[in-house]
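Geometric and topological summary
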Amino acid sequence: MNGGLGCDGDSVALTAATQPSIEEIALGALPGLPKVAVHWPLIDLECGPETGAENFIEWWHKADRGELEPFVLVVEGSILNEAIKVEGYWCGFGNNPATGQPMTTNEWLDRLDEDRNLEFHIGSGELAEELRDARGRTAGRLIRRWNAVDGVIRLHAERVAGPYGVLRLRLRIENESAPGTSPRTREDGLGHALIAAHSLIGVPGGRFLSMTDPPEWAAAEVAACQNTGTWPVLAGPPECRDLVLSSPVILYDHPEVAAESAGDLFDATEIDEILTLRTLALTESEKRQARATDPRAAELMNRLDDMPPEMLERMHGAIRYLKSGPAGATAVPAAGQPGEERIDWPVPEITGRPSVPWWDPGSDISVSPETDHVVIGGVRVGRGSRVRMRPGTRRADAQDLFLVGRAAVVEAVLHDVDGQTHLAVTPEDGPAADLQRNHGRFLYFAPDEVEPLESAEPGSPPEAAR
């Protein structure tokens, strides 16, 4: 690529070389030399950059799409910084076929520096299914429609400093879908979204290090990795090290379906009891809608509807590890469980039990969740205050990704036994906000994870949080 400024001698060196010469390489004149295709304006006699028998720039777009393997990039000339100007560009190399606008040399370097760029295209479609009643008569038609989704998977590997020969892998999934009309609502955008994308990455002949439990020498490099909207864990059986699953759900290494589960629910990694109870709580109308989604959803609904009580009890809890009890503990049969044993732990007698539990706010008259407040950025924040949620400063929770930047109403200011302050909030645009408020189901954040939407009154002195 000679899209830089000035000539640094590459052209002279290539044309003057004799062992071998550029002509011998381009013509394949040397026995045993693998075929080499040189895409270089200096010796391309058939076409110009954008016209001619073939589009010269198309070869670079093929390299960008990962269609040339192997591909070696040679850059000639000085590459200037395109970020230090307001408009225009310093160095260009062909045009973007999608926009017709010039592509800068910097953009090409960013694209071609990636080891792999794999595009994927999922076209829109429609599928009709006849619905029949118990007698086999046509009762209606179910129409399933889906929107087109386009994107690109970008892979890049770079060597990590140190004696271990470790590579850091970067995988980036970009959504390049272009809806015919601009989405106006969240529902409009979900048809083209990739929010539930899972990545399964294998390295035959290699092995991954655990991001959850890395070796000590790799802890600093693992901590420097960034995971946006996804979390990578080792996948496969416990001894497998060449497979990684990266999903929008935070998992442990080698996730698997528990032995107590009758079958997987969606991606075989959920908490079965919670989702089973939520599914069973659906109305009959909602269940019919779920069954009509696809055969797998119908099979799931039927399995949960027919689940016997003993199967549900198995999911309620299981002891994976047993530890020896203290001296003096005796094993006695558990009530109602013939053949099973429980440990009768020696328990000291409890006297002077207060009438109100220690964790009940009513036991401490110094706190009042409904009237207490905290000062954030000079603004008094208490029950009824409007704030914007900015989670993620102190913890990693995949669900927080859906809350960043959304407005919420403070329901209470709480203090824990360690002296920490927490804000109980309800999202303003939550479809079940009233229901969650009535049941006391709130989201909890530290004061530094929200920002007030009301401004401090001019001239008001700073307050201390109660």
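As a reminder, the structure under discussion sits directly above these lines.
Residues numbered from 1 in each chain as written. Predicted model: local features only at pLDDT ≥ 70, side-chain atom pairs only at ≥ 80, totals over all residues. Heavy atoms only, no water.

What follows deals with the overall build of the protein chain. Per the secondary structure count, the protein chain includes 11 helices and 19 strands. Across the 466 residues in the protein chain, those meeting the buried criterion constitute 23%. Sequence separation of at least 24 residues holds for 49% of the intrachain contacts in the protein chain that already meet a minimum separation of 6. Here the protein chain has roughly 31800 Å² of accessible surface; of this, 54% comes from carbon and sulfur atoms. (Helix = DSSP H or I, 4+ residues; strand = E, 2+ residues; numbered from the N terminus. Buried < 20%, exposed > 50% of the residue type's maximum accessible area, 1.4 Å probe, protein only. Contact = heavy atoms within 4.5 Å. Areas by Shrake-Rupley, 256 points an atom, 1.4 Å probe, with all protein chains shown as cover.)

Of all the positions in helix α7 (residues 272-280), only D272, T276 and T279 are classed as buried. The buried residues of α7 occupy an angular sector of 65 degrees when the element is viewed end-on, so they sit on one face. Buried residues in α7 make contact with α8 (284-291), α9 (295-305) and α10 (309-314). (Arc of directions from axis to C-beta.)

On to the nonpolar core. If you look at the biggest cluster of nonpolar residues, it comprises 14 residues, and the most contacted ones within it are V381, V387, L423 and V425. Only β13 (373-376), β14 (379-382), β15 (386-389), β16 (407-415) and β17 (421-427) provide two or more residues apiece to this core. The biggest single contributor to this core is β16, with 3 residues. With 9 residues, the next largest nonpolar core counts F56, A63, L68 and L112 among its residues. (Core = buried A, V, L, I, M, F, W, Y, C linked by side-chain atoms within 4.5 Å.)

For the pair α7 and α9, the least separation of the axes is 10 Å and the interaxial angle reads 90 degrees. Between α7 and α9, the angle falls in the class roughly perpendicular. The residues of α9 that touch α7, namely those facing T276, T279 and L280, are M301, L304 and D305. (Axes fitted to C-alpha atoms, helices over the stretch in contact; angles between N-to-C directions. Parallel < 35°, antiparallel > 145°, perpendicular 65-115°, else oblique.)

Tallying each qualifying case throughout the model produces 18 salt bridges. Between K287 and E284 there is a salt bridge, with the nearest N and O atoms lying 3.9 Å from each other. With K287 and E284 both in helix α8 and 3 residues apart, this pair spans about one turn of that helix. On the basis of relative accessibility, which here comes to 49%, the residue E284 falls in the partly exposed class. The salt bridge partner of D434 is R437, with a shortest N-O separation of 3.0 Å. With a gap of 3 residues between them, D434 and R437 both fall in helix α11 (residues 433-438), about one helical turn apart. D434 gets classed as exposed once you look at its relative accessible area, which sits at 55%. Residue classification places R437 among the partly exposed residues on the basis of a relative accessible area of 32%. (Salt bridge = Lys/Arg side-chain N within 4 Å of Asp/Glu carboxyl O.)

What follows deals with the sheet that holds strand β9 (residues 231-234). Read from one edge to the other, the open sheet built from 3 strands follows the order β8-β10-β9, with strand pairing classed as antiparallel. Each edge of the open sheet carries a strand with a single partner, namely β8 (199-202) and β9. Geometrically, the sheet is characterised by an average inter-axis angle of 25 degrees between neighbouring strands, direction not taken into account. The pairing of β8 with strand β10 (residues 243-247) spans 4 bridges and is classified as antiparallel. Bridging from a neighbouring strand, S199 pairs with S246 of β10. (Pairing = 2+ DSSP bridges.)

On to the sheet that holds β15, then. Pairing in this open sheet of 5 strands is antiparallel, and the strands run β18-β17-β16-β15-β19 from one edge to the other. The sheet is open, and its two edges are formed by β18 (443-445) and β19 (450-452), each paired on a single side. When strand polarity is set aside, the average angle formed by the axes of neighbouring strands in this sheet is 45 degrees. Inspection of the sheet shows β15 paired to β16 by 3 bridges, in the antiparallel sense. Looking at the pairing, V387 lines up with A408 of β16.

Right, let's talk about the environment of V244 for a bit. Note on placement: V244 falls in strand β10. Residue V244 is classed as buried on the basis of its relative accessible area of 8%. On a C-alpha basis, the gap between V244 and L209 in space is 9.5 Å, while along the polypeptide they are 35 residues apart. For V244, the contacting residues outside a window of four places in its chain are S199, L200, I201, F208, P232, V233, L234 and A235.

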